[in-house]
Each structure stands twice: as structure tokens, then as C-alpha cells.
Amino acid sequence: MTSLEVSTQNEDAGPGGYAAARLLLLHEKERSGPPRRTALARLTDDWLAGLFAAAAPPRGTALVAVGGYGRSELSPRSDLDILLLHDGTADQAAIAALADRIWYPVWDLGLALDHSVRTPAEARTTAAEDLKVHLGLLDARPLAGDAGLVAALRTTVLADWRNQAPRRLPELDELCRERAERTGELQFLLEPDLKEARGGLRDAQALRAVAASWLADAPREGLDRARRRLLDTRDALHLTTGRATDRLALQEQDAVAAELGLLDADTLLREVYEAARTISYATDVTWREVNRVLKARSARPRLRSLLGGRSGAKPPVERTPLAEGVVEMDGEVVLARTARPERDPVLPLRAAAAAAQSGLPLSPHAVRRLAATAKPLPVPWPAEAREELVTLLGAGEATVPVWEALEAEGIVTRLLPDWERVRCRPQRNPVHTWTVDRHLVETAVRAASLTRRVGRPDLLLVAALLHDIGKGWPGDHSVAGETIARDLAARVGFDRTDTATVATAVRHHLLLVETATRRDLDDPATVQTVATAVGTLGTLELLHALTEADALATGPAAWSSWRASLVADLVKRVAGVLAGEPLPDPEAAAPSAEQERLAIEALRTGEPVLALHARDGHAADPGEPAPEPVGVELVIALPDQPGVLPAVAGVLALHRLTVRAADLRAVDLPTGLGSGSVLVLDWRVAAEYGSLPEAARLRADLVRALDGSLDIPARLAEREAAYPRRRGLTAPPPRVTVAAADSRLATVIEVRAQDAPGLLHRIGRALEGAAVRVRSAHVSTLGANAVDTLYVTRPDGSLLPPEEAVDLARTLETALG
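Residues numbered from 1 in each chain as written. Predicted model: local features only at pLDDT ≥ 70, side-chain atom pairs only at ≥ 80, totals over all residues. Heavy atoms only, no water.

### Re the overall build of the protein chain
Helix and strand content of the protein chain: 32 helices and 15 strands. Along the first, second and third principal axes, the C-alpha atoms of the protein chain reach 110 × 70 × 50 Å. By the burial criterion, 51% of the 817 residues in the protein chain qualify as buried. When contacts within the protein chain are restricted to residue pairs at least 6 apart in sequence, those whose partners lie at least 24 apart make up 70%. Working note: accessible area of the protein chain is about 37300 Å², and carbon and sulfur atoms make up 51% of it. Averaging the positions of the 97 positive and the 112 negative side-chain charges in the protein chain gives two centres separated by 5 Å. (Helix = DSSP H or I, 4+ residues; strand = E, 2+ residues; numbered from the N terminus. Buried < 20%, exposed > 50% of the residue type's maximum accessible area, 1.4 Å probe, protein only. Contact = heavy atoms within 4.5 Å. Areas by Shrake-Rupley, 256 points an atom, 1.4 Å probe, with all protein chains shown as cover. Lys, Arg positive; Asp, Glu negative; His and termini not counted. Charge placed at Lys NZ, Arg CZ, Asp CG, Glu CD.)

Shown next as C-alpha cells:
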């Protein structure tokens, strides 16, 4: 006998005794998970039964637990779902008094209560009108009173559910879909709702309801374990927060993981994701079966009339061949009667490729049979297996459900053993929409639409599938991924040359976008470094398509027309180097006609002069439509003077213009136009929202900023104070480093910091104080993180010695901190 049982033997039915016993139970470390939920439900049962008995209930009344409480699944802060059932013979005042004697003690303890008082007929009527009420009554369990009354209600409600299944199940399906659209997919959310999100506890309850209809049943493998994991996590969430919440917020995850005895928050999320994936897959399979059965039932009367009304006639089953050993039957891909998985190691991939190419689901029975009996593939794979994998990956959106079916039965990790390390692995960068494994599949889906742009579509698709495979290992995932991709490409059966190409693509899959957005493309060292890393035009072509597919599969913040134009510009320059064309000397480049015109005007007036105009992207092919604008080019010319960079950056921030790049150069004009040099700044900007400000307003504010009458730091501070940061979120400190860029033009400083209005203004002020000259600045932002790259020199144009560069980085870090 446990200490809890001993302590509650002498307790009465009063709130104090129940509250003490409940508190003791919730803090028993020896009992957690299902045993604790069951014990809490039993304890609550006894207390409520005592309240019911003490109230001297009339005949023909019963207390009933419904919903989660009816299933004895009480989490520490769960609602108590209770129905007071009566047969209608007792006086209404007596029923009301009985309800008060039960509800008020529950409320006095601060427990959430979902209560109702109904006769069996009223319960049936309400259930017919409200699907959620009907679902709750399916789990009705007697607590006290007339057990026969409860049994009769249960029988009637269940019979109604089965009789009305053709009408109610589509309604339930629609309800689940609407909830999924509203709350998202649990298996991909960084702060998931364990109950409402797709793949959560609500979906598990829906699967129980479908099974109760006898119309279809969910795949049972792992389903109960997945449901238990989500319930255990919710228990721990309630205990650590002390609140009735189902949302696993970021700041709670470490404490919840500790409560569950897990290593860390990532381990917790991975287990939650695996549970959600199991429930989501079971949900997909179950609803597909429900719809198939309902469709068959609706077709049966029509078929009977066509057959002359003969009863017992079964519709003919059509089996359409799709590939060797694979057929379509009843809207699913199944194995042919002659298929022999134990003798045909390529059959799993052949069936998957046929399903994806046909846009049909793989039958769960077929997948289960393949997982249990298929002969392992030899290593390296035969050519047919490699071709079927490429066909599967090249099917586009249809690849995803087929891949999920293979994963559900463990076939993917059997084919690609290193997949297990990235399976359900969370990505805490909010820019990422998916877990690592799903992101890899989504990248292959995106790459499938780009295969016409490359000479080797097969290498593109496999590189897309493997590009982040190193995220399951410590260190730089690109470096680790290169080794893994080399092994897997050889395993799949590629020759030495193709294996090296895939490995290179994985190693450098971030090279183009990071270089294009963070480096000066006019610097010959930038282009030469990329050309050396890429090596061949074929690899460059492959990397270009992979870069776009990777970004599109990451999330909406990872790709834009601006990024696409920068990457295309870099690819064009690198292709020229690989083709043997000489790189232009940026020092010898003359100013453009517009720059020279503005410089002359600035020198003549002694004041800033500027011009604004839209800048277009680059079309990938000559036949493509004209590209959308990728931002606005702002050209400013003014007499060279201190404080120009912070002044311009501050004015742009005040006008809510996002800076993407800035080039600064001193232009010496012919002596006949006057003396002194003019500073020309070429900025790429975009409006955060709304339309662009007028050039005249920008110029007026710039003049005020330069003469000191516009206090930019104070104005930016006012704006920041008006928009306080979200509670619970603490940005990591900024980090400033000297980049190894091998540039002969300037020292490259890289600033990584939390993105905020005026960040470049603060950087400019710090650089002015350090007495260095900024040659160019390149701004890259992903989500809340900014990476600003600055090309700086001494005032005389020479590079900073290593010691000075390190000191400058420390100065910047201190100023930004």
C-alpha cells in the first residue's frame, strides 16, 4: 500500500482532504505517466462520488465523467468534464440543489469545471446538434448514482454514432482540417500546442472516435505509445508551469525536459515530433480509408441498379499495372499478386517511385509488407535502385506523402542509415519552417522544378536530399555533411566522379548565397574564392539550382528577388572566371554617368544631392517574363566629410528603409569644376512597408543630420521604446570577427547581431570613432538575425594590419553590446 493510499484512507469527502491527497499524488516522483493519471482520476472519482452521496441525490440520477476525464486521463491541470444525468422524474429544484452541492466544492478548490445537467433524451439531442458533445459522450464513465441510466445512455450514444457515421465522420474530418489550418502541424512547430495542433491529442481522440464507428480503424503500431508521450509531456508542462496550458513554449522546454528525465529541450522536441508524426500518419491513413469506404457505400446502390437489382453483387476490383510488381487498386498503390519482396530488393523503391509519379498514396499494408519481408539492397546499389530513388525525388509535391509512408515503417533509415540522425531533429532558427529531415525532402521537392536548368538532374536531386545531412553531427554541418554525402552517394551507386560532385555540392551548399549577400562582388578576391571552391561550370550550375531550392524550402524569409539577383550576379561572374575570362579591376572602374552628374552637382552646391530609382532582378532565361523589382537604388553625392555613413544610415532607418547594400567611393572631379573630392554612396534599399519617401524629404533630413540639428540616436531610441521586446526572449550578444576574405582592397569585418532599426547607423558611428574608412557594406538579414559585412581601410586606403583589425572588431562588439 502506497503512502498516498494510507494517507487518504481516513480522509473524508471534504475539499481539504481531497486537495491534500491530490497535492501529495502530484509530487510523487515514483508514480508518473499513465499510473499517475489513473490514480488522479480514481482519487477524483472517490471525492466526487462522496460529494454526490453526501448530497442525498434523488432516485434516477447519476454523475458521469466524459471526455478526457471519462478516459481517466487527468493531467495535473485538466478540466473536470462532468455530466449530471437524471431521468426527468425528480423535481427540478432538487436537481439544481444537487448540482450546486457538487459544482461549488470543485470551484472552491480552483479546479476548472466543464459541467452540464441533462436527461438522456436531452443528451442525445445535444449530441446530435454538437459534434464535440457527441465525442465527449463516447467516453462517458459512471462515477456515482444510477449505473443503469449511464449504461443505457452509453449504448444509445454509441449506436447513434455508428448509425450516423456516414454524416458525422465527414463533419469530424472537416473539423480536424480546420483546426490543423489554424494551429499548424505539431511535428514542425518550435512552440507546439500539444492538444490542438495537427498530430496532437485532439487528433488521437478523433482516431478513437473513428474506430468506435466501426467504419475504419487507425494503424495501431506505435499509436498508443505516441499518445502516451504527448500526455506525459502535457503532465510535465502543467507541473513545471503550474498552469493549465497545452502550449510548449520555448522558455518552458528545458524544465519540461528535466521533469521527464530527458537530456535537454532538443531531445524533448524530437520525442514530441516523433509522437506527432506517428499520429499524423495514422490520421492520414485513417481518413483516407474512411473516405474510401463512404465512397464505396454511395456507389453500391448505383451498381446494384446497373446489375438489375441483384443482391450480394460485389463491384469488380480493377488492378492497373504501374511497374513490375506494383499495381493501382482502389485509388492506392499496392503490390501485385506476383510480387515477391523477399526476392526483389528494388521493390520498395520501385513501388514508392510508381506511387509518387502517379500521385497516389502507398497502401499502408503494402508498406508494412515491404518493411517486413523485402530483401536488403546490396551495396553499392544496382543502377535500377538508384534510378528509382531519383524518380521518387523528382516527382515534386507527390514525393512527400510517399516518403512519409516509407519513414513510418522504417524503410528510409534502412536504405539511408545516416537518416536516423536527422529524423525529427528540430531547427531552432525561426527562419526554418521544417525539421531537418522534412526540410531535406522539401528541398528535393523544390529541386524537382529546377531540373531543366541543370545538365545532371539526378545529382541535383540527390544533393538536395543530402545537403543538410550533417546536422545530425557536431561541428560545421557542411563539413560533416560532405563526408556523409560522399559515403551515401557511393552507397547509392554513383561513380567516383559523381560522388565527388555530390560531396562538393553538400560542402558548399551555402557558399553562393552567403557570398552574394555578405561579400563585395566587385572585389576580385570574392569571385576567385568561389571559383576555386566550385571548380567546374557543371558544379556551379548544380550549386546555383541547389541554392534556390534550399532557400525556398527553408521558409519565406530565406529567399527573395533581391537574393536571387545577387546570386545570379555572382554565378555570372564566377562562370566567366571558370571560362577563362579576366576579372575587371574595380580600382580602374570609372564612375557611371549618373554618379558623375550627381558628384558635379554636389561639388557645385556644396550640399548633398540624391536620386532614387527602382532596380530590376535578373531573369534566369531569356524567354522568361520580366523580373519583379528587387528594391530601390539610392545614389547620394556630397562633399567628403566626417560622419557620412552613420548620418545616411540613420536617416534611412528613420524613414523605415531597409538597407541591403552600400558602396562608398571618393570621386575626384576635373580641376576645372572646383577643388576637393566628392563622396558617392550607392545604396540598395527597400521600404519595410508602405511606399518610399520622397527624395526631397530624405535630402532635407540628411542635411539636418550632417549639421547636427537632427538627433538620430534620440529619435531611434524613442521608436525602440515604443515597441518593447517580447517577454521571455533574450537576444544573444553581438559577435564581430575579422573575416578571412583574402581581399587586396580592404579588411573585411563581419558583424552578427540582433536585427533592429538603426543597426547600421550604430555600426557607422563606431567606425567613425575608430577613424577607419568604409569602402562598402553588405547587409543580410534572416529572421531576427542580421549579418553585416564591412569592407574597411585606413584613411589612406591601405588594409588594416591584423592587430588593428582585431582591435576594431573588439571596439565594434563593445559599442553594439
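Moving on, there is more to tell.
### Notes on the sheet that holds strand β5 (residues 319-323)
The strand order across the open sheet formed by three strands is β5-β6-β7, and the pairing between neighbours is antiparallel. Whereas interior strands pair on both sides, the edge strands pair on one side only; in this sheet they are β5 and β7 (332-335). Recorded for the sheet is a direction-independent mean angle of 40° between the axes of neighbouring strands. Across four bridges, the pairing between β5 and strand β6 (residues 326-329) is antiparallel. Across the sheet, alanine 323 pairs through a bridge with valine 326, a residue of β6. (Pairing = 2+ DSSP bridges. Axes fitted to C-alpha atoms, helices over the stretch in contact; angles between N-to-C directions.)

### What to know about helix α23 (residues 511-518)
The buried count for α23 comes to seven of eight residues, which makes it a mostly enclosed element. Along α23, the positions that sit buried rather than exposed are Leu511, Leu512, Val513, Thr515, Ala516, Thr517 and Arg518. On its buried face, α23 sits against α24 (524-534), α25 (537-554), α26 (561-578), β13 (747-754), β14 (773-782) and β15 (785-793).

### A look at unusual backbone geometry
Cis peptide bonds are those with omega within 30 degrees of zero, and the linkage from valine 379 to proline 380 qualifies with -5°. Looking at the secondary structure, you find proline 380 in the loop between α15 (364-373) and α16 (383-393). Of note, the phi angle at serine 72 is positive, near 60°, even though the residue is not glycine. Mapped onto the elements of the fold, serine 72 is located in the loop between α4 (67-70) and β2 (80-86). Even without a glycine there, the phi angle at cysteine 424 is positive, about 60°. With respect to the element layout, cysteine 424 can be found in the loop between α18 (411-415) and α19 (436-448).

### Observations concerning helix α14 (residues 347-358)
For α14, which comprises 12 residues, the first-to-last C-alpha distance of 16 Å matches the rise-based estimate of 16 Å (1.5 Å per residue) to within 8%. Buried residues dominate α14, accounting for 10 of its 12 residues. When α14 is considered as a whole, its buried residues turn out to be Leu347, Pro348, Leu349, Arg350, Ala351, Ala352, Ala353, Ala354, Ala355 and Ala356. Immediately downstream of α14, the backbone of glycine 359 shows phi near 70°, a positive value. (Expected span 1.5 Å × (residues − 1).)

### Side note on the side chain of threonine 44
In this fold, threonine 44 is placed in helix α3 (residues 34-54). Engagement of the side chain of threonine 44 in a polar contact is seen with the side chain of tyrosine 18, the distance being 2.7 Å. With sequence-adjacent residues up to four places away left out, threonine 44 is seen in contact with Tyr18, Tyr69, Leu74 and Leu80. (Polar contact = N/O pair within 3.5 Å; in protein donor to acceptor, adjacent residues only side chain to side chain.)

### So, the packing of α19 against helix α20 (residues 457-466)
In the contact formed by α19 and α20, the axes pass within 7 Å of each other and the chain directions differ by 155°. If you check the angle between α19 and α20, you find them roughly antiparallel. For the crossing formed where α19 meets α20, the hand is right-handed. Note on element contacts: α20 touches α19 through Leu460, Leu461, Ala464, Leu465 and Leu466, opposite Leu440, Val441, Thr443, Ala444, Ala447 and Ala448. (Parallel < 35°, antiparallel > 145°, perpendicular 65-115°, else oblique. Left-handed = near helix turned anticlockwise from the far one by under 90°.)

### A closer look at the nonpolar core
Core analysis: the biggest nonpolar cluster contains 92 residues, and Leu362, Trp381, Trp403, Leu416 and Trp419 have the highest contact counts within it. Beyond its immediate chain neighbours, meaning those up to four positions away, tryptophan 403 contacts Leu389, Leu392, Leu393, Val412, Leu416, Trp419, Val441 and Leu465. Leu638, Val648, Ala653 and Ala662 belong to the second largest nonpolar core, which has 50 residues in total. (Core = buried A, V, L, I, M, F, W, Y, C linked by side-chain atoms within 4.5 Å.)

### Some points on the packing of α16 against helix α17 (residues 399-408)
A pair of packed helices is characterised by two quantities: the angle between their axes and the separation of those axes. Packing of α16 against α17 leaves a shortest axis separation of 9 Å and a crossing angle of 125°. As judged from the angle between their axes, α16 and α17 are oblique. Where α16 abuts α17, its residues Leu389, Leu392 and Leu393 lie against Thr399, Val402, Trp403 and Leu406. Among the residues making up the contact of α16 with α17, the classes are represented as six nonpolar, one polar and no charged. (Nonpolar A, V, L, I, M, F, W, Y, C, P; charged D, E, K, R; others polar.)

### A short note on the packing of aromatic side chains
In the structure shown here, the tally under the stated rule is four aromatic pairs. Pairing tyrosine 104 with tryptophan 107 gives two aromatic rings, centres 5.1 Å apart and planes at 90°, and the pair type is edge-to-face. Of this pair, tyrosine 104 and tryptophan 107 are both found in helix α5 (residues 92-108), three residues apart, which corresponds to roughly one turn of the helix. Taking relative accessible area as the criterion, tyrosine 104 reaches 45% and is therefore assigned partly exposed. Geometry around tryptophan 473 places arginine 421 over its ring, the cationic atom sitting 3.7 Å from the centre. (Phe/Tyr/Trp six-rings, centres within 6.5 Å; stacked < 30°, edge-to-face > 60°. Lys NZ or Arg CZ within 6 Å of the ring centre and 35° of its normal.)

### Comments concerning the side chain of arginine 31
By the secondary structure assignment, arginine 31 is in the loop between α2 (15-26) and α3. With relative accessibility at 16%, the residue arginine 31 sits in the buried group. A polar contact is formed between the side chain of arginine 31 and the side chain of glutamate 28, at a distance of 3.4 Å.

### A word on the sheet that holds strand β3 (residues 113-118)
Strand order across the open sheet formed by four strands is β3-β2-β1-β4, with mixed pairing between neighbours. The sheet is open, and its two borders are formed by β3 and β4 (141-145), each paired with just one other strand. Pairwise comparison of adjacent strand axes, ignoring direction, gives a mean angle of 25° for this sheet. Sheet topology places strand β1 (residues 61-65) next to β4; four bridges connect them, and they run antiparallel. By the bridge assignment for β4, alanine 62 is matched with glycine 145. In this fold α5 packs onto β1, β2 and β3, with an angle of close to 170° to the strand it touches most, β3. Against the sheet, helix α6 (residues 120-129) engages β2 and β3, with an angle of about 120° to β3.

### Side note on the environment of alanine 265
Note that alanine 265 resides in helix α13 (residues 265-306). Each C-alpha atom of the pair alanine 265 and glutamate 252 lies 8.9 Å from the other, and the pair is 13 residues apart in sequence. Excluding anything up to four places from it in sequence, alanine 265 contacts Gln253, Asp254, Ala257 and Arg428.

### Quick look at the pairing of β2
In terms of burial, β2 is a largely internal element, seven of the seven residues being buried. Of the strand pairs in this sheet, β1 and β2 are connected by five bridges, and their pairing is antiparallel. Each residue of the ladder has a partner; that of threonine 61, found in β2, is histidine 86. Between the parallel elements β2 and β3, the chain passes through α5 in a crossover that is right-handed. (Right-handed = clockwise from strand over helix to strand, strands pointing away.)

### Here's the deal with the pattern of salt bridges
All told, the structure shown has 51 salt bridges when counted by the stated rule. Salt-bridge contacts for aspartate 458 lead to arginine 456; the nearest nitrogen and oxygen are separated by 2.9 Å. A salt bridge links glutamate 482 to arginine 507, with the nearest nitrogen and oxygen atoms 3.9 Å apart. Of this pair, glutamate 482 sits in helix α21 (residues 477-492) while arginine 507 sits in helix α22 (residues 496-507), and the two are 25 residues apart along the sequence. (Salt bridge = Lys/Arg side-chain N within 4 Å of Asp/Glu carboxyl O.)

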